[in-house]
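Single-letter residue listing:
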Amino acid sequence: MTISGSWQRTARGAGLLAPDGRIASTIFAEMSSLAQATGAINLGQGFPDEDGPAEVLDAARRAIADGVNQYPPGTGIPALRQAIAEHQQRFYGLRVDPDREVLVTAGATEALAATILALVDDGDEVVTLEPFYDAYGGLISLARGIHKTVPLRRPDFLPDHDELRAAVTDRTRVILINTPHNPTGTVLPRETLELIVELAHEHDAIIVTDEVYEHLTFGYPHIPVAALPGARERTVTISSAGKTFSTTGWKIGWIVSTPELVTAVLAVKQFLTYVNGAPFQPAIALGLALPDSFYDGIAATLQAKRDLLSQGLVKAGFDVTVPHGTYFVVADAAPLGYADAATLCRELPALAGVVGVPISAFCHEEVGQEYASLVRFAFCKKVDVLERAAAQLAQLARLGR
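Residues numbered from 1 in each chain as written. Predicted model: local features only at pLDDT ≥ 70, side-chain atom pairs only at ≥ 80, totals over all residues. Heavy atoms only, no water.

A. Focus on the overall build of the chain. Counting its secondary structure elements, the chain contains 15 helices and 14 strands. Its C-alpha radius of gyration of 21 Å places the chain within 12% of the 21 Å reference for a compact globule of 401 residues. Judged by the C-alpha coordinates and their principal axes, the chain covers about 60 × 55 × 50 Å. Computed over 32 positive and 46 negative side-chain charges, the separation of the two mean positions in the chain equals 4 Å. (Helix = DSSP H or I, 4+ residues; strand = E, 2+ residues; numbered from the N terminus. Rg over C-alpha atoms; globule rule 2.2 N^0.38 Å. Lys, Arg positive; Asp, Glu negative; His and termini not counted. Charge placed at Lys NZ, Arg CZ, Asp CG, Glu CD.)

B. Helix α5 (residues 107-119), seen in detail. Spanning 13 residues, α5 covers 19 Å between terminal C-alpha atoms, matching the ideal 18 Å at 1.5 Å per step. Counting buried residues along α5, 10 of its 13 residues qualify, which places the element largely inside the surrounding structure. Among the residues making up α5, those that are buried are Gly107, Ala108, Glu110, Ala111, Leu112, Ala113, Ala114, Thr115, Ile116 and Leu119. (Expected span 1.5 Å × (residues − 1). Buried < 20%, exposed > 50% of the residue type's maximum accessible area, 1.4 Å probe, protein only.)

C. Looking closely at a nonpolar patch on the surface. On the surface, Leu117, Leu142 and Leu272 cluster together to form a nonpolar patch covering roughly 220 Å² of accessible area. Take leucine 142: it is sitting in helix α6 (residues 134-142). A relative accessible area of 36% places leucine 142 in the partly exposed class. (Patch = residues over 30% accessible without salt bridge, like charges linked within 9 Å, V, L, I, M, F, W, Y side chains within 5 Å. Areas by Shrake-Rupley, 256 points an atom, 1.4 Å probe, with all protein chains shown as cover. Salt bridge = Lys/Arg side-chain N within 4 Å of Asp/Glu carboxyl O.)

D. Main features of the sheet that holds strand β7 (residues 206-210). If you walk across this open sheet you meet the 8 strands as β2-β9-β8-β7-β6-β3-β4-β5, and the pairing is mixed. Both edges of this open sheet fall to β2 (102-105) and β5 (158-159), since each of them pairs with a single strand only. As defined by bridge partners, strand β3 (residues 125-130) adjoins strand β4 (residues 146-153) across 6 bridges and the pair is classed as parallel. Looking at β4, one finds that glutamate 125 is bridged to isoleucine 146. Set on the sheet, helix α8 (residues 190-203) makes contact with β5, β6 (172-178) and β7; between it and β6 the angle comes to about 165°. (Pairing = 2+ DSSP bridges. Contact = heavy atoms within 4.5 Å. Axes fitted to C-alpha atoms, helices over the stretch in contact; angles between N-to-C directions.)

E. Fine view of the nonpolar core. Core analysis: the largest hydrophobic core is formed by 98 residues, its most contacted members being Ile284, Phe318 and Phe377. Dropping the residues within four chain positions of it, isoleucine 284 is found in contact with Val56, Leu80, Ala241, Phe245, Thr247, Trp250, Ile252 and Trp254. Core analysis: the next-biggest nonpolar cluster, separate from the first, contains 29 residues, Ile175, Leu193, Ala231 and Val367 among them. (Core = buried A, V, L, I, M, F, W, Y, C linked by side-chain atoms within 4.5 Å.)

F. Just unusual backbone geometry, in detail. Here arginine 154 and proline 155 are connected by a cis peptide whose omega angle stands at 10°. Relative to the assigned elements, proline 155 resides in the loop between β4 and β5. The linkage connecting asparagine 182 with the following residue, proline 183, adopts the cis geometry, with an omega of 25°. Examined against the element boundaries, proline 183 turns out to sit in the loop between β6 and α8. Positive phi values are uncommon outside glycine, yet phenylalanine 157 reaches one of about 55°. Structurally, the position occupied by phenylalanine 157 is in the loop between β4 and β5. Judged by its relative accessible area of 2%, phenylalanine 157 is buried.

G. The side chain of threonine 105, seen in detail. Positionally, threonine 105 belongs in strand β2. Of the residues examined, threonine 105 reaches a relative accessible area of 0% and is grouped as buried. Within polar-contact distance, the side chain of threonine 105 engages the backbone nitrogen of tryptophan 254 at 3.3 Å. Sequence-distant contacts of threonine 105, that is, excluding residues within four places in its chain, are made with Glu110, Ala111, Lys251, Ile252, Gly253, Trp254, Lys269 and Asn276. (Polar contact = N/O pair within 3.5 Å; in protein donor to acceptor, adjacent residues only side chain to side chain.)

H. Focus on the pattern of salt bridges. One pass over the structure, following the stated rule, counts 15 salt bridges. A salt bridge links arginine 153 to glutamate 163; its shortest N-O distance comes to 2.7 Å. Taken together, the residues span a long stretch of sequence, with arginine 153 in strand β4 and glutamate 163 in helix α7 (residues 161-167) at a distance of 10 residues. Classification of arginine 153 as partly exposed rests on a relative accessible area of 32%. Owing to a relative accessible area of 29%, glutamate 163 belongs among the partly exposed residues under this scheme.

I. Expanded view of α8. Its 14 residues place the ends of α8 20 Å apart at the C-alpha level, agreeing with the 20 Å of an ideal helix rising 1.5 Å per residue. Every buried residue of α8 is accounted for by Thr192, Leu193, Leu195, Ile196, Val197, Leu199, Ala200 and His203. On its buried face, α8 is in contact with β5, α7, β6 and β7. Directly after α8, the chain includes aspartate 204, whose backbone phi takes a positive value near 55°.

J. Structural view of the pairing of strand β8 (residues 235-240). Counting buried positions along β8 gives 6 out of 6 residues, so the element sits mostly inside the fold. Of the two faces of β8, the one holding Thr235, Thr237 and Ser239 and the one holding Val236, Ile238 and Ser240 are both buried throughout. Sheet analysis places β7 next to β8, joined by 4 bridges and oriented parallel. Across the sheet, residue threonine 209 finds its bridge partner in β8, namely threonine 237. In this structure, β8 lies alongside strand β9 (residues 253-256), joined through 4 bridges in antiparallel fashion. What sits directly across from threonine 237, in β9, is valine 256.

Below you can see the structure in the form of structure tokens.
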């Protein structure tokens, strides 16, 4: 059986195939395998090791017991779409029609895939920030779009506004913004978001926002782009339940947008998963209605974990950029004598029994050198795990290099 050359070229461009035709391995898979093989603490992957709120888990069990195990409606069950609409009103003052402006997806990744495939044609430009979540590059390539990036400049990991203006042109179809930002932990300020809205109007672009960490910020408010003046009619907002409720394996995500844009995305989404997660949908509907104390509590708990791991990294000899949100902290290995974080990450299990991921894995190869000494560590783990990791990392300070 042969595979068309055009598909292979597209797949290689998307990073899906290696030059020899095999499935391309990623640094994430490599680091996870290394953690498993060595027994090292895996702070490379961004998933929590504790379950979410009991009432949400119990609601899923009840749904299974009650027979909610067949295909749900293609757009998501009405109760979840209503809960998403009420969530947008409650937290951001956005009035949303649950029947025409909400679409439930198989996590945020499917929402991104369906949105990009629906909106991007061959040769269209998509602007993202860099470093970027690795799925962005692959999905843009699969849509045969052209990926343009704006670097997040150290030490604060914020984009230069002049560089942002230069990147967005009349060829730009989509401006894809991730805030709070993975991997850097940056929460984009209002003035940057307002500039993005201005540029989208000027160049007739659509704004797609990845807001999966919206409730995991530390003293810095999350501002949805859709809540800004003039943004609503040209914004596709993407979020999910996985990070908020520690249910990453449930893969319940959603988009909120205008009826026209929702319809365009649904036209693609129906041929991807079609539907998913029937018993999890009523559980997430319940979770979205949890009181403010729950949302305040998850952010405060995660902030304490951030501080615990950050302090351990500083004691180990890293320079640490304290994140304003997400699951992740960025640490500079240069003070330890490592100009190449990928090398350190491969040696770290033996040196300290810990696994991280180099930030260069979130960059185009030609840009990665700018971030070559930086490592991303996940702090969404149990306190005792982070305490052990911090103690083990402290060994690095004694090793020298």
